[in-house]
Amino acid sequence: MPRHSAAVYRRRRLVILVAGILVAAVIGVAVWLLVARPWANAAEATPTPSASASESSSPDPTAPESPAAESPSPEASAEESPGIVACEAKDVEVAAVTDADSYDPGVLPQLSISLTNRGSADCAIDVGSTTQRMTVSSGTDVWWTSTDCQENPSSMVATLTAGATVTSKVPVTWDRTRSSVETCADENRPRAPGGGASYHVAVEIGGFKGTTTKQILLY
């Protein structure tokens, strides 16, 4: 076998050395990638806006605007709404109202009060239960009075319009018995005779009495 020159051996050794260096470099890079894992925290690398940036950002155009505080409406002065004067007897007409003129046995009369302002101006009147009184009589015999067993009376001042007529919304029921303050809880109070007997209903309210009475018949 022919012998090679020294130059040939040097070139072979150089190639082997370079190849060894390349292999070592490849292995070193592979080990670094495995250990360091530079992509592992890539998601965390995205910068978040700083507090100053968020504070200086423009407002959301879709966010609703806060409503401005409403100015309170001006209150009416005494000159703009003068006080209503109290009703006078010459201007007020009070009358008794019943839901029927006659009642069959067992049917209870429903009693109400009608108010009419005959004056030319509105007036104020207390229409509360403290000022209401209904009386049922037969001749001179008073059978029943609404205030005998009244509970929790109250006041209520209302304006009665000039020329208007109003009637109490909630009627008072007469149970067809004789009333007294001593027998309010008595279930066996004397019952008013029927058979066509005549009774008269008298009313007053706000200090004004009805000028007439309303006749009813009980059967």
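The shown structure was predicted, so the numbers you read here are calculated from the model rather than taken from an experiment.

Parameters at a glance
- Residues numbered from 1 in each chain as written.
- Predicted model: local features only at pLDDT ≥ 70, side-chain atom pairs only at ≥ 80, totals over all residues.
- Heavy atoms only, no water.
- Helix = DSSP H or I, 4+ residues; strand = E, 2+ residues; numbered from the N terminus.
- Contact = heavy atoms within 4.5 Å.
- Buried < 20%, exposed > 50% of the residue type's maximum accessible area, 1.4 Å probe, protein only.
- Disulfide = S-S within 2.5 Å.
- Core = buried A, V, L, I, M, F, W, Y, C linked by side-chain atoms within 4.5 Å.
- Pairing = 2+ DSSP bridges.
- Polar contact = N/O pair within 3.5 Å; in protein donor to acceptor, adjacent residues only side chain to side chain.
- Salt bridge = Lys/Arg side-chain N within 4 Å of Asp/Glu carboxyl O.

(A) Broad picture of the overall build of the protein chain. Each helix and strand in the protein chain was counted, giving two helices and 12 strands. Starting at the N terminus, the α and β elements of the protein chain follow one another as α-α-β-β-β-β-β-β-β-β-β-β-β-β. Looking at the protein chain alone, contacts between residues at least 24 apart form 68% of all its contacts between residues at least 6 apart.

(B) Looking closely at unusual backbone geometry. Phi is positive for N152, close to 50 degrees, though the residue is something other than glycine. The topology assignment puts N152 in the loop between β6 (141-145) and β7 (157-160). Take N152: its relative accessible area is 70%, and that puts it in the exposed class.

(C) Highlighting the state of the cysteines. Summed over the entire model, instances satisfying the criterion amount to two disulfides. One disulfide bridge connects C149 with C184, the sulfur atoms lying 1.9 Å from each other. Note on the C149 and C184 pair: the S-S dihedral is about -95 degrees, so by sign convention the disulfide is left-handed. With C149 in the loop between β6 and β7 and C184 in the loop between β9 (172-173) and β10 (197-205), this residue pair connects regions lying 35 residues apart in the sequence. Taking relative accessible area as the criterion, C149 reaches 30% and is therefore assigned partly exposed. Here the protein chain pairs its bonded cysteines, counted in sequence order, in the arrangement 1-2, 3-4.

(D) The arrangement of the nonpolar core in detail. Core analysis: the largest hydrophobic core is formed by 25 residues, its most contacted members being V94, L115, W174 and Y199. Where this core is concerned, the elements lending two or more residues are β1 (92-98), β3 (110-117), β4 (123-126), β5 (133-138), β6, β10 and β12 (214-218). In terms of residues, this core owes the most to one element, β10, which gives four residues. Once residues lying within four places of it in the same chain are set aside, the contact partners of V94 are I113, S114, L115, V203, I205, F208, K209, G210 and T211.

(E) Expanded view of the pairing of β6. Here β5 runs beside β6; their pairing, made up of four bridges, is antiparallel. In the sheet register, T135 faces β6, and the bridge partner there is T145. Between β5 and β6, which pair antiparallel and follow one another directly, the connecting turn spans two residues, one of which, G139, has a positive phi of 70 degrees.

(F) Layout of the side chain of N117. Here N117 shows up in strand β3. Residue classification places N117 among the buried positions, given a relative accessible area of 1%. Here A121 takes part through its backbone oxygen, which lies 3.0 Å from a polar atom of the side chain of N117. Residues in contact with N117, not counting those within four places in the same chain, are D91, D122, C123, L160, T161, A162, G163 and A164.

(G) How the structure looks around the pattern of salt bridges. In the structure shown here, the tally under the stated rule is six salt bridges. A salt bridge links K90 to E88, with the shortest nitrogen-to-oxygen separation between them at 3.6 Å. The class for K90 is exposed, based on a relative accessible area of 63%. For R189, the salt bridge goes to D175, with nearest N and O atoms at 3.1 Å. In this pair, R189 sits in the loop between β9 and β10 while D175 sits in the loop between β9 and β10, placing the two residues 14 residues apart along the sequence. Here the salt bridges do not stand alone but share partners, grouping E88, K90 and D91 into one network.

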